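# Overview (structure and organization)
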Amino acid sequence: MFVRSAKRPFGRSLSPATARGLVIALYALYPIGCVLQLIADETATGDALRIAGLSLVVAAFVAFAVLAGSSLQRQAQEPETLLDERELADRNRAAYQAHSVFAGVVLLSLIYLMLRQDLSDNRNFELWAPATGDHWNAVFWGAAMLAMTLPAAFLAFRKSHADEDMGE
Amino acid sequence: MSRRELAEAVGVNPQTIGYLERGDYAPSVELALKIAAVFSAPVEVLFSLEPFPPLARTVTKQGDS
């Protein structure tokens, strides 16, 4: 998903440090925020944890929104005919790496769920799995953001210089 | 000639010209031929097995001689 603005049709140019910071913030804050909200459901100090968790999730969505309008996301999502050969070469490499990582995450998740099923008889070793609508909502949006931003994340970590901002 | 002008002349993103200048990207033969045509230079001058010396050093040497 690339959000194109009239002011910056080629997306906002980010420095390598900013781009990497946004990616790390997105991938770290979202799961931490979700886990805090999950813990909040089971503790007495639930409200404080819930607010902290929600704040982290909102911060992650802000990072996602900035990335969605960036030149990295444009490079990752733009149709091939609108990219030049260097952008395409970089995008193809990043897409391959993103595919590998995403497939790995899916495979590990399935192994986890299988393991949970196998251990379901053991009362002393119970593994968590999404059960409620809120849980599945959190998993869905996490997976969706991961799928939408992974290629841009690899581009961010490959980037060595701040690009010229072409929108101004 | 600015990056933007060269990029428009050869049909690439101006950022790509920056990548070429820094040696972060090796152009395809097609792009190299287009760039060579813009400067009316033979395409061989765009490729080298050895890294090109910094432009500033080349200009300084020319100024000294």
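Presented here is a report on the structure given in the accompanying data block. (Residues numbered from 1 in each chain as written. Chains lettered and ligands numbered in written order. Predicted model: local features only at pLDDT ≥ 70, side-chain atom pairs only at ≥ 80, totals over all residues. Heavy atoms only, no water.)

### With respect to the overall build of chain B
For chain B, the helix and strand inventory stands at 4 helices and 0 strands. Here the C-alpha coordinates of chain B stretch approximately 35 × 25 × 25 Å along the principal axes. Long-range pairs, those at least 24 residues apart, make up 23% of the contacts in chain B between residues at least 6 apart in sequence. When the 6 basic and 8 acidic side-chain charges of chain B are each reduced to a single mean position, those positions are 5 Å apart. (Helix = DSSP H or I, 4+ residues; strand = E, 2+ residues; numbered from the N terminus. Contact = heavy atoms within 4.5 Å. Lys, Arg positive; Asp, Glu negative; His and termini not counted. Charge placed at Lys NZ, Arg CZ, Asp CG, Glu CD.)

### With respect to the packing of helix H4 (residues 85-118) of chain A against helix H5 (residues 133-158) of chain A
Residues and elements named next belong to chain A. Between H4 and H5, whose axes approach to 8 Å, the crossing angle comes to 135 degrees. On the basis of the axis angle, H4 is oblique to H5. Remark: the crossing between H4 and H5 carries right-handed chirality. On the side of H4, the interface is formed by Asp-90, Arg-91, Arg-93, Ala-94, Gln-97, Ala-98, Val-101, Phe-102 and Val-105, while H5 contributes Ala-143, Leu-146, Ala-147, Leu-150, Pro-151, Phe-154, Leu-155 and Arg-158. Classifying every residue of the contact of H4 with H5 gives 12 nonpolar, 1 polar and 4 charged. (Axes fitted to C-alpha atoms, helices over the stretch in contact; angles between N-to-C directions. Parallel < 35°, antiparallel > 145°, perpendicular 65-115°, else oblique. Left-handed = near helix turned anticlockwise from the far one by under 90°. Nonpolar A, V, L, I, M, F, W, Y, C, P; charged D, E, K, R; others polar.)

### Digging into a nonpolar patch on the surface
Residues and elements named next belong to chain A. On the surface, a cluster of nonpolar side chains totalling about 620 Å² of accessible area is made up of Val-106, Leu-110, Tyr-112, Leu-113, Trp-128, Trp-136 and Val-139. Within the residue set of the nonpolar patch, elements represented by two or more residues are H4 and H5. A total of 4 residues in the nonpolar patch trace back to one element, the largest contributor, which is H4. (Patch = residues over 30% accessible without salt bridge, like charges linked within 9 Å, V, L, I, M, F, W, Y side chains within 5 Å. Areas by Shrake-Rupley, 256 points an atom, 1.4 Å probe, with all protein chains shown as cover. Salt bridge = Lys/Arg side-chain N within 4 Å of Asp/Glu carboxyl O.)

### Quick notes on the side chain of A:Arg74
Within the secondary structure, A:Arg74 is located in helix H3 (residues 71-77). A relative accessible area of 1% means that A:Arg74 is categorised as buried. (Buried < 20%, exposed > 50% of the residue type's maximum accessible area, 1.4 Å probe, protein only.)

### Points about the layout of surface pockets
What the largest pocket holds in volume is close to 1,200 Å³. As for the largest pocket, its lining consists of 34 residues, and the residues nearest its centre are A:Tyr30, A:Cys34, A:His135, A:Ala138 and A:Val139. Of all elements in the fold, only helix H1 (16-40), helix H2 (46-68), H4 and H5 of chain A reach the threshold of two or more residues within the lining of the largest pocket. With 11 residues, the top contributor of residues to the lining of the largest pocket is H5(A). When grouped by side-chain class, the residues that make up the lining of the largest pocket number 26 nonpolar, 5 polar and 3 charged. Taken as a whole, the second largest pocket spans an internal volume of roughly 920 Å³. Taken together, 24 residues form the lining of the second largest pocket, with B:Leu20, B:Glu21, B:Arg22, B:Leu46 and B:Phe52 sitting closest to its centre. With 4 residues, helix H2 (residues 14-22) of chain B is the largest single contributor of residues to the lining of the second largest pocket. In terms of residue class, the lining of the second largest pocket is made up of 16 nonpolar, 4 polar and 4 charged. (1 Å grid on protein atoms, 1.4 Å probe; cavity = no way out; pocket = protein on both sides within 12 Å on 5 of 7 lines; lining within 4 Å. Points joined across faces, edges and corners; volume = space filled by probe spheres on them.)

### A closer look at the packing of helix H1 (residues 3-10) of chain B against helix H3 (residues 29-38) of chain B
All names here are of chain B. For the pair H1 and H3, the least separation of the axes is 9 Å and the interaxial angle reads 120 degrees. In terms of orientation, H1 lies oblique with respect to H3. H1 and H3 meet at a crossing whose hand is right-handed. Packed against H1, whose contacting residues are Leu-6, Ala-9 and Val-10, the element H3 presents Leu-31, Lys-34, Ile-35 and Val-38 at the interface.

### Some remarks on H1(B)
Helical geometry note: an α-helix holds 3.6 residues per turn, so side chains three or four residues apart project in the same direction. Residues and elements named next belong to chain B. Leu-6, Ala-7 and Val-10 are the residues of H1 that are buried. Angular distribution of buried residues about the axis of H1 spans 100 degrees; they occupy a single face of the element. Looking at the buried positions of H1, the neighbouring elements they touch are H2 and H3. Trailing H1 by a residue or two, Gly-11 shows a phi angle of about 75 degrees, which is positive. (Arc of directions from axis to C-beta.)

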